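Residue-level listing of the chains:
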Amino acid sequence: MPQSKPKILLIYTGGTIGMIKDYETGALKAFDFKKLLKRIPELQLLDCEIDTISFEEPLDSSNISIQDWQNIASIIEDKYESFDGFVVLHGSDTMSYSASALSFMLENLAKPVVFTGSQLPIGDLRTDAKENLITAIQTASLQDKGKPVFNEVCLYFEYKLYRGNRTTKISAEHFNAFASPNFPELAESGVHLKVNREILLKNKGNKKLKVNKSFDDNVTVLKLFPGISKNVLSSVLKTPNLKGIILETYGSGNAPTSEWFISELENAIKNNICVINVTQCSGGSVNMGQYETSTQLKNIGIVSGKDITSEAAITKLMYLLGQKVTPKVFKTIFETPLRGEMT
Ligand code: ASP
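The rules behind these values
Here, residues in each chain are numbered from 1, in the same order as that chain's written sequence. At least 70 in pLDDT is required for a residue's local features to be given in this predicted model, at least 80 for side-chain atom pairs to be given and counted, and no such filter applies to totals for whole chains, interfaces and linings, which use all residues. Values reported for side chains reflect all heavy atoms of the structure, with hydrogen atoms and water molecules removed beforehand. For each residue, the test is whether any non-hydrogen atom lies within 4 Å of the molecule or strand; if one does, the residue is near. Here a polar contact means two N or O atoms within 3.5 Å. Within protein one must be a hydrogen donor candidate and the other an acceptor candidate, and residues neighboring in sequence count only if both atoms are side-chain atoms. In these tables, accessible area is a Shrake-Rupley quantity obtained with a 1.4 Å probe, and a residue counts as shielded only by the protein chains included in the view. Only Asp, Glu, Lys and Arg are considered charged in this grouping, and only Ala, Val, Leu, Ile, Met, Phe, Trp, Tyr, Cys and Pro are considered nonpolar; every other residue, Gly among them, is considered polar. Put simply, DSSP H or I for four residues or longer makes a helix, DSSP E for two residues or longer makes a strand, and each gets a number counted from the N terminus. Exposure classes here rest on a 1.4 Å probe applied to the protein chains alone. A residue is buried below 20% of its type maximum, exposed above 50%, and partly exposed in between. Throughout this description, the term salt bridge denotes a Lys or Arg side-chain nitrogen within 4 Å of a carboxyl oxygen of Asp or Glu. Remark: nonpolar core denotes a set of buried residues (Ala, Val, Leu, Ile, Met, Phe, Trp, Tyr, Cys) joined through side-chain atoms within 4.5 Å. Any two residues whose heavy atoms approach within 4.5 Å at even a single point are treated as in contact. Strand pairing is assigned whenever DSSP detects at least two bridges linking the two strands. The convention used is that axes are lines fitted to C-alpha atoms, helices contributing only their stretch in contact, and that angles between N-to-C directions extend from 0 to 180 degrees. The rule is simple: put a 1 Å grid over the protein atoms alone, call a set of points where a 1.4 Å probe fits but cannot get out a cavity, call an open set with protein on both sides within 12 Å along at least five of seven lines a pocket, and count a residue as lining if it has an atom within 4 Å of a point. Grid points are joined across faces, edges and corners, and a volume is the space filled by probe spheres set on the points.

**Q** Looking at this structure, I do not really get the site of the ligand. What am I missing?
**A** Around the ligand sit Gly15, Thr16, Asp60, Ser61, Gly91, Ser92, Asp93 and Ser118, and those are all the residues in its vicinity. Between Asp93 and the ligand, the recorded distance is 2.8 Å, taken from a side-chain N or O atom to a nitrogen atom. Out of a free accessible area of 270 Å², the ligand has 89% covered by protein chains. Of the residues in the shell around the ligand, the class split is no nonpolar, 6 polar and 2 charged.

Structure representation (structure tokens):
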């Protein structure tokens, strides 16, 4: 009996990929994506069935909110049994945040969710959108003996398929706009699609998909810089209801050793604020204790973000707080890879 074609759901949230230029102002604005898709005859040639669903009001991804992540998660939850894979079309600006957030939300995921977008609109002559869209759909429909090859939230851009929660946007100019500094590509598209099978997340048996939609937004990110004042640090830590903070430190997790700096953080931790150490370097890992400038951070109980990206760190923080993980076990859980987001 001939096998049926994989069914792929395209979820259009917005972004440059579906925008057109406003003739009066020259600014890019969202456009009816279904109409645009009709102009891409190549999609008919793909060996899969494609259906689309669009946000009522497509967004520039700078406007993406927790509620939008919940919407994407709900669509996937509702359509999970009817489709073999999902492609999320999304603006590139915050794509790494959304891909990270969705990776945490979708527990026991056993189908591919591939985020993609483009630097130029799909109607533009020089667009990167067509290749990104077509190969994202192909990777989402890739199967091995009737089972999806990818069981995780991925991000496809400019010939590379990445683990979504390992990515960061590195260029506002180049087609090659993303990097995964601490984890290899899941696949590379050339004449053939080369899949790096050994590093893929494995399908965890027959566990049912669990969608965790609660996020807590009582969090912040603070990037250290030489000259940061006590006033700034203590104001941030006094934010009403603050429950967690990503501290972007230097190098392998280093920070000033001034007494005021350490005692501000120590007090915050005593007040049950989770403090996570993430490096502001684009590659490498936090290793508290390697230098004297991080030993005290370790001693006061700061959580190590290891080699996590800031995007994955802030979304993991909002996710764990949303799941009501208590400060007592928070450190252990944050330091454990949940969806391959850290080594
Ligand atoms: N500003 C756009 C967005 O993130 C850029 C893009 O789509 O690449 O929605």
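More follows now that the structure is in view.
**Q** Looking at this structure, I do not really get the side chain of Ser100. What am I missing?
**A** Counting through the fold element by element, Ser100 comes out in helix α4 (residues 95-105). On the basis of relative accessible area, Ser100 is assigned to the buried category, the value being 0%.

**Q** I'm lost on the pattern of salt bridges in this one. Help?
**A** Two side chains carrying opposite charge are able to pair once their charged atoms lie near each other. Evaluation of the coordinates by the stated rule reveals 12 salt bridges. Note that Glu107 is salt-bridged to Lys210, the shortest N-O span being 3.9 Å. Taken together, the residues Glu107 in strand β6 (residues 106-107) and Lys210 in strand β16 (residues 210-211) connect sequence positions 103 residues apart. A relative accessible area of 46% places Lys210 in the partly exposed class. Here Asp144 ties to Arg197 by a salt bridge, and the two come within 3.1 Å at their closest N and O atoms. You can see Asp144 sitting in strand β8 (residues 143-144) and its partner Arg197 sitting in the loop between β15 (193-195) and β16, a full 53 residues away along the chain.

**Q** Just checking my understanding: could you explain the nonpolar core for this structure?
**A** Within soluble globular proteins, side chains that are nonpolar tend to cluster in buried spots. Of all hydrophobic cores here, the largest spans 54 residues; its most connected members are Leu102, Leu317, Phe330 and Phe334. Per-element accounting of this core gives the leading share, 8 residues, to helix α9 (residues 310-322). Residues within four places of Leu317 in sequence aside, it is in contact with Val219, Gly244, Ile245, Ile246, Cys274, Ile276, Phe330 and Phe334. Grouped together as the second largest cluster of nonpolar side chains are 29 residues, Phe33, Cys48, Ala129 and Leu200 included.

**Q** Hey, could you run me through the sheet that holds β15 in this one?
**A** Two modes of strand pairing occur in sheets, parallel and antiparallel, and in both the strands are linked by backbone hydrogen bonds. With respect to topology, 8 strands assemble into an open sheet ordered β4-β1-β5-β7-β10-β11-β14-β15, the strand pairing being mixed. In this open sheet, the two strands that pair with only one neighbour each are β4 (49-59) and β15. Between one strand axis and the next, the sheet turns by 20 degrees as a mean value, whatever way the strands run. Where strand β7 (residues 113-116) lies against strand β10 (residues 153-157), 3 bridges are found, and the strand directions are parallel. Residue pairing across strands places Val114 opposite Cys154, the latter belonging to β10. Across the sheet, helix α3 (residues 66-79) is in contact with β1 (7-14), β4, β5 (85-89) and β7; its angle to β4 comes to roughly 155 degrees. Running at roughly 160 degrees to β10, α4 makes contact with β7 and β10 of the sheet.

**Q** So what exactly am I meant to see when it comes to the environment of Gln44 here?
**A** Note that Gln44 resides in helix α2 (residues 42-45). By relative accessible area, which is 66% here, Gln44 ends up exposed. Separated by 224 residues in the primary sequence, Gln44 and Ala268 have C-alpha atoms spaced 57 Å apart.

**Q** In this structure, what is going on with empty space enclosed by the protein? I would like to understand it.
**A** It is a probe the size of a water molecule, rolled over the atoms, that shows where empty space is left. Summed over all chains, the structure comprises 1 cavity of 30 Å³ or more. Estimated volume of the largest cavity: approximately 30 Å³. Residue lining of the largest cavity: Tyr12, Phe33, Lys34, Thr52, Ile53 and Ser54, and that is the complete set. When contributions to the lining of the largest cavity are tallied by element, the ones reaching two or more residues are α1 (33-38) and β4. Top contributing element to the lining of the largest cavity by residue count: β4, with 3 residues.

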